[in-house]
Structures are given as structure tokens and as C-alpha cells.
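Each chain, written out:
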Amino acid sequence: MGMRFNAWTYNGKLPAPVLEACEGDRVKITMANHAGTAHGLDSHAFRTSMMHFGPVEPDESMVLDKTMDTPGAFMYHCASGPVTDLHIKSGLYGAMVVYPRDRRLPAARELVVVESAIYGDPDPSGLIPGTSPARAQRNDPAFMMFNGRLEHETLAVAPGERVRAYVVNVGPGVAAIHVMGTILETVYDGTAEVRNVQTYGIPAGSGAVIDFIIPETGTYGLVDHDRLSYLPYGMELTFEARATASPAGK
Ligand SMILES: [Cu+2]
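The rules behind each value
- Residues numbered from 1 in each chain as written.
- Predicted model: local features only at pLDDT ≥ 70, side-chain atom pairs only at ≥ 80, totals over all residues.
- Buried ≥ 20, exposed ≤ 12 C-beta atoms within 10 Å, placed from the backbone.
- Helix = DSSP H or I, 4+ residues; strand = E, 2+ residues; numbered from the N terminus.
- Pairing = 2+ DSSP bridges.
- Axes fitted to C-alpha atoms, helices over the stretch in contact; angles between N-to-C directions.

Asker: Can you lay out the pairing of strand E19 (residues 237–241) for me, pointing to particular residues and giving the numbers?
Answerer: Residue alternation in E19 divides its side chains into a buried set, Leu237, Phe239 and Ala241, and an unburied set, Thr238 and Glu240. Both strand E11 (residues 155–157) and E19 contribute to a ladder of three bridges, which runs parallel. From the neighbouring strand, Val157 faces E19, where its bridge partner is Ala241. In terms of strand pairing, strand E18 (residues 218–224) meets E19 through five bridges, oriented antiparallel. By the bridge assignment, Leu222 is partnered in E19 with Leu237.

Asker: Explain the sheet that holds strand E6 (residues 72–77) residue by residue, including any values.
Answerer: Taken in spatial order, the four strands line up as E2-E7-E6-E4 in an open sheet, and their pairing is mixed. Every interior strand has two partners, whereas the edge strands, strand E2 (19–22) and strand E4 (42–43), have only one. Where E2 and strand E7 (residues 93–99) come together, four bridges link them in parallel fashion. Its bridge partner being in E7, Leu19 is matched across the sheet by Met96.

Asker: Can you tell me about unusual backbone geometry, naming the residues and giving the values?
Answerer: Omega for the bond connecting Leu14 with Pro15 falls within 30 degrees of zero, at -10 degrees, which places this linkage in the cis form. The topology assignment puts Pro15 in the loop between strand E1 (4–5) and E2. With an omega of 5 degrees, the peptide bond running from Gly171 to Pro172 counts as cis. Relative to the elements of secondary structure, Pro172 occurs in the loop between strand E12 (162–169) and strand E13 (175–180). Within the chain, Asn147 stands out as a residue other than glycine whose phi angle is a positive 55 degrees. One non-glycine residue, Asn196, adopts positive backbone phi at about 60 degrees. Mapped onto the elements, Asn196 comes out in strand E15 (residues 192–197).

Asker: So what's going on with the sheet that holds E11? Which residues, and what values?
Answerer: Read from one edge of the open sheet, five strands run E11-E19-E18-E13-E16, paired in mixed fashion. Across the chains shown, the open sheet's two edge strands, defined by having one partner strand only, are E11 and strand E16 (199–202). On average, each strand axis in the sheet is inclined to that of its neighbour by 20 degrees, with strand direction left out of account.

Coordinates in, geometry out; function isn't part of it.
Structure, rendered in C-alpha cells:
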């Protein structure tokens, strides 16, 4: 049985569209509120007064305008005063990637992974009508997911290929990112670089860039090792390495 969720969205997408910029770029984001209640937009990539993040009333818009000075995988989300938590948990979140300007990272097959949760229960038809405020307040998800979906196509990779995941954790809790079948070769977290870790913790509201190398033909799975109970719901990104696939950038 498929499940559907009446999400609140930016641009009709769950998660919201990936925003991409380079370090040193001047970025201008206009958020027009077409909904019936006040919303905002807070990107963690910005160093600016939080008063610029909204909220704005229905039929009004706001503009964020700033030069990006820090590369990384950042969360962005609704900012609506005291009700912000409920707005985020209803679907108003996404990833913003700021690429380094001068530093060239090794060629890799890249993907964005946004971890988040649904805080509502499906009716008999499989429809989750909205976020349960009680569940949201308890940080008590009905289930969790990657990239707003419970079903994922297997990703084809090649033996020896480097994969780079821009991971953003919306929450709740710390995402324990692990790739079954390999070791995380490099994790970029702020200016820190960690090498050869089995699992990397990303707290709610944060992100990291995670490189791993596919060691040989076979099957690999990116999971949250603390959320393996959601595996039956499809909370895994699977990589299939066949000898015939060609690596990215080659
Ligand atoms: Cu909102």
C-alpha cells in the first residue's frame, strides 16, 4: 500500500528543492508566501540577522541577500516564530549546498540526502492528512525517510568509484550515517575533515559532506544506523556496483 502525506512545501516539493551556490557567490533568495498563514525561510548557510528569515504574512514576500562564505551542506527551513517546529515538521525544509571555490575535490558521483520524519498516522486509504501537533511536540515520528520518499531506485555505481553524499539531517535526533559494506573515506564537517570512520553523527539542523569509495562489485546501503527500525519502510539508499558501470568523471 502506498502512503501519501499532505505536506506543506516550498515549490511543491518534499523536501524542498536543493539550493546550490559556490563559496563567494552573492545569493539572493526570494520567498513568496502563497499560503494562508505566515511562513519564512532560514538558511543555515547565511550569516545575517535572524530577523531577515521572516515570518512574512500571506501574499507577502521576503528576500535574503548575502555572499556565501562557508562551503558545506546546510539545512534550510521555515521560520515562523514560536510555531516554527510544527512548520518544519510539516515539510518546510530542504538542503542548500555551498561548494568550495578554490579547492577542487576529487571527482565523485554526487547525491543529496535529506533525512526527515513524518509525524502523522495514515488513514485506511494510506493518506496522512497532516502533522499531529502532539507527535511533533514529543519528537515522535510515525516513520522516517530519506529525500521525502519511502521508495528509492537502486543507484548504479562502479567498483572503485567515489560517491559523495551531501547529507542534511532535519531530525529528530542525531543521524548516524553509515554505508553498509564500506568505510566513510572522508567526512567534511565545517572545516574539519575526518577520515576512515564507520559511522558519522549529524545532529538535527546540521549537515556534512560524506565521501565513500565503492570497494568492489556488489551491493552497498546508506542508512541511519540508529533508525534501522525504519528499514522495512524503505529508509535505505542502495548502491549496486557492477563491473560494467563507468565511474563518474571518467
Ligand atoms: Cu512556515
